[in-house]
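# Examination of the molecular architecture
What follows is the residue order along each chain.
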Amino acid sequence: MVIDFSFVWIAFKEILKAVPLTLILTFVPIVVGFLIGLAVALIRAHNIKFLSPIANFYVSFFRGTPAIMHIMVIYFGFPILLDYVIKKFNLPFQSNHVPIVVFVITALSLTAGSYLSEIIRSGISSVSKGQIEAAYTIGMNTFQVVKRIILPQALAQSVPNITNLIIGFLHTTSIAFLVSQKEITGAANIVASKNLKFLEAFIAAGIIYWAITLIIETIAYFLEKKAKSYSRSAF
Amino acid sequence: MIDIVGLKKSFGHNEVLKGINIHVEKGEIISILGPSGSGKTTLLRCLNYLESPDEGEIIIDDVSINARKVNKKEVYQLRKKSAMVFQGYNLFQHKTALQNVMEGLVVVQKKSVSEAKEKALKVLQKVGLENKIDAYPSQLSGGQQQRVGIARALALNPEVILFDEPTSALDPELVGEVLAVIAKIAREGKTMIIVTHEMNFAREISNRIIFMDGGVVVEEGIPQQIFTEQKEERTKQFLKRMTPELDYSI
């Protein structure tokens, strides 16, 4: 079998059109998940009554099950729930009006939130107890201590782990193809089946994934350097 | 100005403070001495509620707290009356020396940034770090970090500065610079309570020395009395251990 390099180029151009959707499926869940993760990490770090057990369950469940399962459960389960609510309140709305991509983003946001909460939590625990005590002794309240002393250092500490998660998530978006989202892997599959040239199409897809990863890594490198500029251990 | 009345604190079954009574006048410099485990650090940490005492009263200036019925607001008020210098410096690692000193002025005392900066620069100059203002803690030596810690406390202009073994974590050659800064502040009439193992320093700088052991104040008095004519056997034993007369004969 011979590789048809000219088709790699054709597939490459075709798959490139799927990049925006892939980036949306990667970064929207990361941003939403960051907010979820921050809230969950703070709830767990301060061991807040009632919320803490819920947060623990959330993290345990979503880290303990694969992302594809979250997508499937929400893709099939959420419309049922939505229809029930619509019926109950007589809303002028139907669940099949909701674009599928919303389900995928919801599911991936919850996945990302569980991972990010653990990343942020380890960042929080890296801030020495002495600094927190010092902040209290100069008269700060808990909110000020969290905002001004704990989070800036916790987040700076989290940058490398968040980078890893983003790269992992970029690749995880490939499963959105299973609910007919035309992201990179989906586009590769389509162009491959049309022309029966699977190897070429996936080589092209691989190059695109790799290129995006390299861009993310480069940006993260500079961000990491900046975030940890106060520490001697950053090279 | 400072009154500690019947202060008790236990960790589990271990009673660390067994009813402490201390009175401190404005401008006094008190050193607390005692063997490790005697409760001196716990006492100091109760004064700003880093530890909550189980029983007793703490009065600093116009803030009075009863350990049995204390609320969060009172704790915040009490903390604003004092500032602490820690054994491990505890500087904010993500802030420069200047920012460390400015933090409390801006965030807690609500001073304008320019006013806070002016004040912070003045205090940093006093501790001899005017050319290190933009350095992060990781770029400073232990002695320099502790001097920033002292500046951070001093800038707040508290009623009392609490020193928790300020030189214990320092390399021996860096102890001197920190003690010199503390002595300088002492001469300016700031009320200070110092927990320390530096016997000579305590003797030179203090108006009064408190010797603690086993969670109680064993003896207190002017340095002269504590160091030369102790009344209590326990004080005598401790000082003998801490200031050994070396025998160089072969």
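Note that the structure is predicted; figures quoted are calculated from it, not measured.

## As for the overall build of chain B
Across its full length, chain B holds nine helices and 10 strands. At 18 Å, chain B has a C-alpha radius of gyration in line with the 18 Å of a compact globule built from 250 residues. Seen through its principal axes, chain B has C-alpha atoms that stretch 60 × 55 × 30 Å. Counting the 250 residues in chain B, one finds 56% classified as buried. Here the analysis covers contacts within chain B between residues at least 6 apart in sequence; of these, 63% occur between residues at least 24 apart. Between the centroid of the 33 positive side chains of chain B and the centroid of its 33 negative side chains there is a distance of 6 Å.

## Considering helix 8 (residues 184-195) of chain A
Residues and elements named next belong to chain A. The end-to-end C-alpha separation of helix 8 is 17 Å, in line with the 16 Å expected for 12 residues at 1.5 Å each. Every buried residue belonging to helix 8 is among Ile 184, Thr 185, Gly 186, Ala 187, Ala 188, Asn 189, Val 191 and Ala 192, and all of these are buried. Packed against the buried residues of helix 8 are helix 1 (5-16), helix 2 (19-45) and helix 9 (198-227). The N-terminus of helix 8 is capped by Glu 183, whose side-chain oxygen sits 3.1 Å from the backbone nitrogen of Thr 185. Of the residues trailing helix 8, Leu 196 is marked for its positive phi of about 55 degrees.

## A word on helix 5 (residues 142-155) of chain B
Residues and elements named next belong to chain B. Across its 14 residues, helix 5 extends 20 Å between first and last C-alpha, which sits within 8% of the 20 Å expected from 1.5 Å per residue. In terms of burial, helix 5 is largely enclosed, as 14 of its 14 residues are buried. Of the residues flanking the end of helix 5, it is Asn 157, one or two places downstream, whose phi is positive at about 50 degrees.

## Some details on the pattern of salt bridges
The full count for this structure, using the stated rule, is 18 salt bridges over all chains. For the salt bridge of Arg44(A) with Glu118(A), the shortest nitrogen-to-oxygen distance reads 2.7 Å. Of this pair, Arg44(A) sits in helix 2 while Glu118(A) sits in helix 5 (residues 100-125), and the two are 74 residues apart along the sequence. Residue classification places Arg44(A) among the buried positions, given a relative accessible area of 17%. The residue Lys126(B) makes a salt bridge to Glu188(B) at a minimum N-O spacing of 3.0 Å. Residue Lys126(B) is located in helix 4 (residues 113-126), and its partner Glu188(B) is located in the loop between helix 6 (172-187) and strand 8 (191-195); the two are separated by 62 residues in the primary sequence. Classification of Lys126(B) by relative accessible area gives partly exposed; the value is 30%. Among the charged side chains, a salt-bridge network with shared partners connects Lys129(A), Glu133(A), Arg45(B) and Glu51(B).

## Thoughts on the sheet that holds strand 3 (residues 29-33) of chain B
Residue and element names in this part refer to chain B. With mixed pairing, the six strands of this open sheet are ordered in space as 6-7-8-3-9-10. The open sheet has two edge strands, strand 6 (82-85) and strand 10 (216-221), and neither has a second partner. The sheet shows a mean angle of 20 degrees between the axes of neighbouring strands, taken without regard to direction. Relative to strand 10, strand 9 (residues 208-213) is paired through five bridges, and the arrangement is antiparallel. Residue pairing in the sheet places Ile 210 in a bridge with Glu 220 of strand 10.

## Section: the interface of chain A and chain B
Listed as interface residues are 21 residues of chain A and, on the opposing side, 25 residues of chain B. Of the roughly 2100 Å² buried at the junction of chain A and chain B (both faces included), carbon and sulfur atoms supply 60%. For the chain A face of the interface with chain B, the top three residues by lost area are Thr137(A), Ile138(A) and Tyr230(A), together amounting to 32%. At the junction of chain A with chain B, the criterion picks out two salt bridges. A salt bridge links Glu133(A) to Arg45(B); its shortest N-O distance comes to 2.6 Å. Linking chain A with chain B are eight residue pairs in polar contact (both at pLDDT 80 or more), by the criterion used here.

## Some remarks on the sheet that holds strand 2 (residues 14-24) of chain B
Residues and elements named next belong to chain B. One open sheet accounts for four strands, arranged 2-1-4-5; its pairing is antiparallel. Either end of the sheet is taken by a strand with one partner, and the two such strands are strand 2 and strand 5 (63-66). For this sheet the average axis-to-axis angle between neighbouring strands, irrespective of direction, equals 15 degrees. Where helix 1 (residues 40-47) meets the sheet, it contacts strand 1 (2-11), strand 2 and strand 4 (55-60), and its direction lies at approximately 115 degrees from that of strand 1. With respect to the sheet, helix 2 (residues 72-81) is in contact with strand 4 and strand 5, its orientation differing from that of strand 5 by roughly 130 degrees.

Each value, and the rule that gives it
- Counting restarts for each chain: residues are numbered from 1 in the order of the written sequence.
- Chains carry letters from A onward and ligands carry numbers from 1 onward, assigned in written order.
- Side-chain atom pairs in this predicted model are given and counted only at pLDDT of 80 or more, local residue features only at pLDDT of at least 70, and totals for whole chains, interfaces and linings cover all residues.
- Excluding hydrogens and water, the side-chain values take into account all heavy atoms of the structure.
- We count a stretch as a helix when DSSP gives it H or I for four or more residues in a row; a strand needs E for two or more, and each element gets its number in order from the N terminus.
- The globule rule is 2.2 Å times the number of residues to the power 0.38, and the radius of gyration it is compared with is taken over C-alpha atoms.
- Remark: exposure states derive from per-residue accessible area (1.4 Å probe, protein chains only) relative to the maximum for the residue type, with buried under 20%, exposed over 50%, and partly exposed in between.
- The contact rule is simple, with two residues in contact once any of their heavy atoms fall within 4.5 Å.
- In this charge count, Lys and Arg are treated as positive and Asp and Glu as negative; neither His nor the chain ends contribute.
- Here the site of a charge means NZ on Lys, CZ on Arg, CG on Asp, or CD on Glu.
- How far a helix is expected to stretch is found by multiplying one less than its residue total by 1.5 Å.
- Here a polar contact is recorded for every N or O atom pair within 3.5 Å, except that within protein the pair must consist of a potential hydrogen donor and a potential acceptor, and residues adjacent in sequence are included only if both atoms are side-chain atoms.
- One speaks of a salt bridge when a side-chain nitrogen belonging to Lys or Arg is within 4 Å of a carboxyl oxygen belonging to Asp or Glu.
- The pairing criterion for strands is at least two bridges between them, as found by DSSP.
- Axes here mean lines fitted to C-alpha atoms, for a helix over just the part in contact, with angles spanning 0 to 180 degrees between N-to-C directions.
- Summed over both partners, the accessible area lost on bringing two parts together, with a 1.4 Å probe, is the buried area.

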